[in-house]
Amino acid sequence: DAKTTQPTSMDCAEGRAANLPCNHSTISGNEYVYWYRQIHSQGPQYIIHGLKNNETNEMASLIITEDRKSSTLILPHATLRDTAVYYCIVKEITDKLIFGTGTRLQVFP
Amino acid sequence: NAGVMQNPRHLVRRRGQEARLRCSPMKGHSHVYWYRQLPEEGLKFMVYLQKENIIDESGMPKERFSAEFPKEGPSILRIQQVVRGDSAAYFCASSRSGQGRVGHYGYTFGSGTRLTVV
């Protein structure tokens, strides 16, 4: 079973930052936080992952709280093409990915 | 630098027929994972394979479903005697190693095979 809690859906205006929260209060010390997204029934796409430090790449930033019980994925300038279901997953590196229900992000013009 | 290749993209089978779904992992990837996504639902893990070995099949239905990843060639997900409830999108993912180190960049997914049972 998924170990994370995410809002079912969110809206964001194009060009604004999209902040997607995720709660993982039972995360263990060896578990990483991964984010994937699925655009309109395509295969899921890896976005970013982190252990305890904040991470940034060309797609997004990941902010993990100091107690690691929650995190936020930030898309700094959302575009219409960012409309997708976003999955927050916690797991050890050697574990398989288990998807929850995710957050359906709708970016509007 | 091709990604994960799945074929066919769409497959229609009559009830009782067999469905064979193929997945070629990314170059250099030796670990393959299969997921199923029913309409309007999330992805469910089915099976994890390395070359010639099934590592974790905890998500596979007990009957009619099988998977292999031979030494040569693609991974195959086989569904025998399909029923309407098998209609779904089947996604394959690959990774460089199941024993990921720091800097592991996650799985790469294919575009999926959409199976329709009529």
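Residues numbered from 1 in each chain as written. Chains lettered and ligands numbered in written order. Predicted model: local features only at pLDDT ≥ 70, side-chain atom pairs only at ≥ 80, totals over all residues. Heavy atoms only, no water.

Enquirer: So, the packing of aromatic side chains: which residues are in play, and what are the values?
Expert: Evaluation of the coordinates by the stated rule reveals 12 aromatic pairs over all chains. The interplanar angle of 75 degrees and the centroid separation of 5.7 Å between the aromatic rings of A:Tyr36 and A:Tyr46 together place this pair among those described as edge-to-face. Placement of A:Tyr36 in strand β3 (residues 32-38) and of A:Tyr46 in strand β4 (residues 45-50) is noted, with a sequence separation of 10 residues between them. Of the residues examined, A:Tyr36 reaches a relative accessible area of 1% and is grouped as buried. Within the aromatic cluster, the residues linked to one another by ring pairs are A:Tyr36, A:Tyr46, A:Tyr87, A:Phe99, B:Tyr33, B:Tyr35, B:Phe45, B:Tyr48, B:Tyr107 and B:Phe109. Taking NZ or CZ as reference, A:Lys96 lies 5.0 Å from the ring centre of B:Phe45, over its face. (Phe/Tyr/Trp six-rings, centres within 6.5 Å; stacked < 30°, edge-to-face > 60°. Helix = DSSP H or I, 4+ residues; strand = E, 2+ residues; numbered from the N terminus. Buried < 20%, exposed > 50% of the residue type's maximum accessible area, 1.4 Å probe, protein only. Lys NZ or Arg CZ within 6 Å of the ring centre and 35° of its normal.)

Enquirer: Outline the interface of chain B and chain A, listing residues and values.
Expert: Tallying the contact residues gives 21 residues for chain B and 19 residues for chain A. Summed over both partners, the interface of chain B with chain A comes to about 1,600 Å²; 55% of that surface belongs to carbon and sulfur atoms. B:Asp56 is paired through a salt bridge with A:Lys96; the nearest N and O atoms lie 2.8 Å apart. Along the contact surface separating chain B from chain A lie seven residue pairs in polar contact (both at pLDDT 80 or more). Residue assignment for the side of chain B that touches chain A shows that the elements contributing at least two residues are β4 (31-37) and β5 (43-50) of chain B. Here the side of chain B that touches chain A is built from residues that sort into eight nonpolar, 10 polar and three charged. (Contact = heavy atoms within 4.5 Å. Buried area = accessible area lost by both parts, 1.4 Å probe. Salt bridge = Lys/Arg side-chain N within 4 Å of Asp/Glu carboxyl O. Polar contact = N/O pair within 3.5 Å; in protein donor to acceptor, adjacent residues only side chain to side chain. Nonpolar A, V, L, I, M, F, W, Y, C, P; charged D, E, K, R; others polar.)

Enquirer: Tell me about the state of the cysteines, residues and numbers included.
Expert: Tallied over the entire structure, the rule returns two disulfides over all chains. Between the sulfur of A:Cys22 and that of A:Cys88 lies a disulfide, 2.1 Å long from S to S. One quick way to see it: the torsion about the S-S bond of A:Cys22 and A:Cys88 is about -85 degrees, and its sign makes the bridge left-handed. On the criterion of sequence distance, the pair formed by A:Cys22 in strand β2 (residues 18-23) and A:Cys88 in strand β8 (residues 84-91) is long-range, its members being 66 residues apart. The same class applies to A:Cys22 as to A:Cys88, namely buried. The disulfide partner of B:Cys23 is B:Cys92, and the gap between their sulfur atoms is 1.8 Å. Measuring handedness by torsion sign, the sulfur bridge of B:Cys23 and B:Cys92 sits at about -55 degrees and is left-handed. One end of the pair, B:Cys23, is in strand β3 (residues 19-24); the other, B:Cys92, is in strand β9 (residues 88-95), with 69 residues separating them in the sequence. (Disulfide = S-S within 2.5 Å.)

Enquirer: Quick rundown of the sheet that holds strand β9 (residues 103-108) of chain A? Include the residues and the values.
Expert: Residues and elements named next belong to chain A. If you walk across this open sheet you meet the five strands as β1-β9-β8-β3-β4, and the pairing is mixed. Whereas interior strands pair on both sides, the edge strands pair on one side only; in this sheet they are β1 (9-13) and β4. Across the sheet, the axes of successive neighbouring strands diverge by a mean angle of 25 degrees, strand direction being ignored. Relative to β9, β8 runs antiparallel, the two being bridged by three bridges. Residue pairing for β9: Val 85 is matched across the bridge by Arg 104. (Pairing = 2+ DSSP bridges. Axes fitted to C-alpha atoms, helices over the stretch in contact; angles between N-to-C directions.)

Enquirer: Could you give an account of the sheet that holds strand β8 (residues 75-79) of chain B, with specific residues and numbers?
Expert: All names here are of chain B. Ordered by their spatial adjacency, four strands build an open sheet running β1-β3-β8-β7, and the pairing between neighbours is antiparallel. With one partner strand each, in any of the chains shown, β1 (5-7) and β7 (65-68) form the two edges of the open sheet. Each strand axis lies, on average, 15 degrees off the axis of its neighbour in the sheet, ignoring direction.

Enquirer: Break down the environment of B:Asn7 for me, with residues and values.
Expert: All names here are of chain B. Structurally, Asn 7 can be placed in strand β1. As for Asn 7 and Asp 86, which are separated by 79 residues in sequence, their C-alpha atoms are 17 Å apart. Setting aside anything within four residues of it in sequence, one finds Asn 7 in contact with Leu 21, Arg 22 and Thr 113.

Any functional reading would require information that these geometric values do not contain.
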